[in-house]
Amino acid sequence: MSSGTAGGPGRVVTRRTGSSHGTGAVGWMVFPALLMFVVFGVVPLVGVLVLSFAQWDGLGPIHPAGLANWGSVLSDPGLPHAIWVTFEIMILSWAVQTPLSLLIGTFLAGRQRYRGLLAVLYFVPLLLSSAAIAITYKALLDPNFGLGAGLKIGFLTQDWLGRSGLAVGVVIFVVSWQFIPFHSLIYQGGVRQIPTTMYEAAEIDGAGRIRQFFSITVPQLKYTIITSSTLMVVGSLTFFDLIFVLTAGGPGDATRVLALDMYKRGFQANLMGPASVIAVLLVLIGLALALLLRRLGGSTTASQQEGA
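Residues numbered from 1 in each chain as written. Predicted model: local features only at pLDDT ≥ 70, side-chain atom pairs only at ≥ 80, totals over all residues. Heavy atoms only, no water.

Could you give an account of the layout of surface pockets, naming the residues involved and the relevant values?
For the largest pocket, the calculated volume is near 670 Å³. Taken together, 18 residues line the largest pocket, and the ones lying closest to its centre are Thr106, Gly110, Val191, Tyr199 and Arg209. Looking at the lining of the largest pocket element by element, the count peaks at four residues for helix H9 (residues 209-220). In terms of residue class, the lining of the largest pocket is made up of seven nonpolar, six polar and five charged. (1 Å grid on protein atoms, 1.4 Å probe; cavity = no way out; pocket = protein on both sides within 12 Å on 5 of 7 lines; lining within 4 Å. Points joined across faces, edges and corners; volume = space filled by probe spheres on them. Helix = DSSP H or I, 4+ residues; strand = E, 2+ residues; numbered from the N terminus. Nonpolar A, V, L, I, M, F, W, Y, C, P; charged D, E, K, R; others polar.)

Which residues make up the packing of helix H8 (residues 196-204) against H9, and what values do they have?
Each pair of packed helices can be described by the angle between their axes along with the distance between the axes. Orientation of H8 relative to H9, taken along the N-to-C sense of each, is 160 degrees, at an axis distance of 11 Å. Taken together, the axis directions place H8 and H9 in an arrangement best described as roughly antiparallel. The handedness of the crossing between H8 and H9 comes out as right-handed. Counted together, Met198, Tyr199, Ala202 and Glu203 of H8 and Gln212, Ile216, Thr217 and Gln220 of H9 form the full contact between these two elements. The residue makeup of the contact of H8 with H9, split by class, is four nonpolar, three polar and one charged. (Axes fitted to C-alpha atoms, helices over the stretch in contact; angles between N-to-C directions. Parallel < 35°, antiparallel > 145°, perpendicular 65-115°, else oblique. Left-handed = near helix turned anticlockwise from the far one by under 90°. Contact = heavy atoms within 4.5 Å.)

How would you summarise unusual backbone geometry if you had to cite specific residues and measurements?
Geometrically, the link from Gly250 to Pro251 is a cis peptide bond, its omega value of -5 degrees lying close to zero. Mapped onto the elements of the fold, Pro251 is located in the loop between helix H11 (241-246) and helix H12 (258-268). We note that Ala248 has phi near 55 degrees; this positive angle belongs to a residue other than glycine. Looking at the secondary structure, you find Ala248 in the loop between H11 and H12. In this structure, Asn270 takes a positive phi of about 55 degrees despite not being glycine. When its relative accessible area of 39% is taken as the criterion, Asn270 is described as partly exposed. (Buried < 20%, exposed > 50% of the residue type's maximum accessible area, 1.4 Å probe, protein only.)

Describe the environment of Gly189, naming the residues involved and giving the relevant values.
As for its placement among the helices and strands, Gly189 is situated in helix H7 (residues 164-192). For the pair formed by Gly189 and Gly105, sequence separation is 84 residues and the distance between their alpha carbons is 7.9 Å.

Give a description of the side chain of His183 that names residues and reports values.
Relative to the helices and strands, His183 is located in helix H7. His183 sits in the buried class, given a relative accessible area of 3%. Discounting chain neighbours no more than four positions away, the residues touching His183 are Gln97, Ser101, Ser228, Leu231 and Met232.

Describe the packing of aromatic side chains, naming the residues involved and giving the relevant values.
The full count for this structure, using the stated rule, is eleven aromatic pairs. Arranged with centres 6.0 Å apart and planes meeting at 25 degrees, the rings of Phe179 and Phe239 form a pair that is stacked. Of this pair, Phe179 sits in helix H7 while Phe239 sits in the loop between helix H10 (222-236) and H11, placing them 60 residues apart in sequence. With a relative accessible area of 24%, Phe179 lands in the partly exposed category. Exposure remark for Phe239: the relative accessible area of 11% places this residue in the buried category. An angle of 70 degrees between the planes, with centres 5.1 Å apart, marks the rings of Phe244 and Tyr263 as edge-to-face. Taken together, the residues Phe244 in helix H11 and Tyr263 in helix H12 connect sequence positions 19 residues apart. Judged by relative accessible area, Phe244 falls into the partly exposed class, the value being 30%. Put simply, the rings of Phe240, Phe244, Tyr263 and Phe267 touch in pairs and so form one group of aromatic residues. (Phe/Tyr/Trp six-rings, centres within 6.5 Å; stacked < 30°, edge-to-face > 60°.)

So what about the nonpolar core? Which residues, and what values?
Counting residues in each nonpolar core, the largest one holds 21 residues, and the members touching the most others are Ile89, Val170, Val174, Ile243, Leu246 and Val257. Among the secondary structure elements, those contributing two or more residues to this core are helix H3 (78-108), helix H5 (130-140), H7, H11 and H12. In terms of residues, this core owes the most to one element, H7, which gives six residues. Excluding anything up to four places from it in sequence, Ile243 contacts Ile89, Val171, Ala248, Gly249, Thr255, Val257 and Leu260. (Core = buried A, V, L, I, M, F, W, Y, C linked by side-chain atoms within 4.5 Å.)

I'd like a rundown of the environment of Arg163, residues and numbers included.
Checked against the element boundaries, Arg163 lands in the loop between helix H6 (147-151) and H7. Judged by relative accessible area, which is 47%, Arg163 ranks as partly exposed. Distance in space between the C-alpha atoms of Arg163 and Ala254 is 8.6 Å, their sequence separation being 91 residues. Excluding residues that lie within four positions of it along the chain, Arg163 makes contacts with Gln158 and Pro251.

This is how it looks when you write it as structure tokens:
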């Protein structure tokens, strides 16, 4: 009797695996997340795309406008400047946050007890509201009543938010101060996934801490760096509340990023159509940058993994 039959000749008993049942269960588990993504992600995005081809003041009826909104926005001489400021803050904040986050995350990955306390203290800025942080720094940097005037420090009594170059520097500093803790936490987790045997072998070969950092830690954190950089770059496109409270886009238009430009068009000028055009541009820019960083990072589906 063959192993595939039972109960007599001509009667074949097939054994079912749990693959179909398991697939159905996984599908039902994914459905709530998919529903949330469609309702709060896809539907609003489609609505904004449709609104970019319409004329609406936010209260009255919506009227079709064709390509008029796109033409007015793309021909606006202020748009290239807003794009330039957006990328300027994006690149400079990335250049500040990445090395500092990497160093702090590597330091906090140690097993000493005091490093756990430091990790909690470093994480505090991320728990604060961006608007509250902007109000605090705006008060501290006030040239007449701020920290510099109180401590009689000439360097701090400059008009930090009234000069173009200084205002951009302040925005980058405050953004980095707030978000470095988050990226440090990402790097801390990545460093702890690196096998200690690699460092032990490097010590046997006579490699010091600095050589180990650049020869082991940084290469092993390749995909972590790509992930962190993607979050930094895409997240910088949505900087609004901090810049709005801190500088309101000034002085002049020195810190007027695309997100702030979208707000001013939509909620101050009541031009929801052009504001929707900028929103679509932000989505396209963010998607392009995310795909570019993914391409630079290479395929993550290969068998090579961090710490493997």
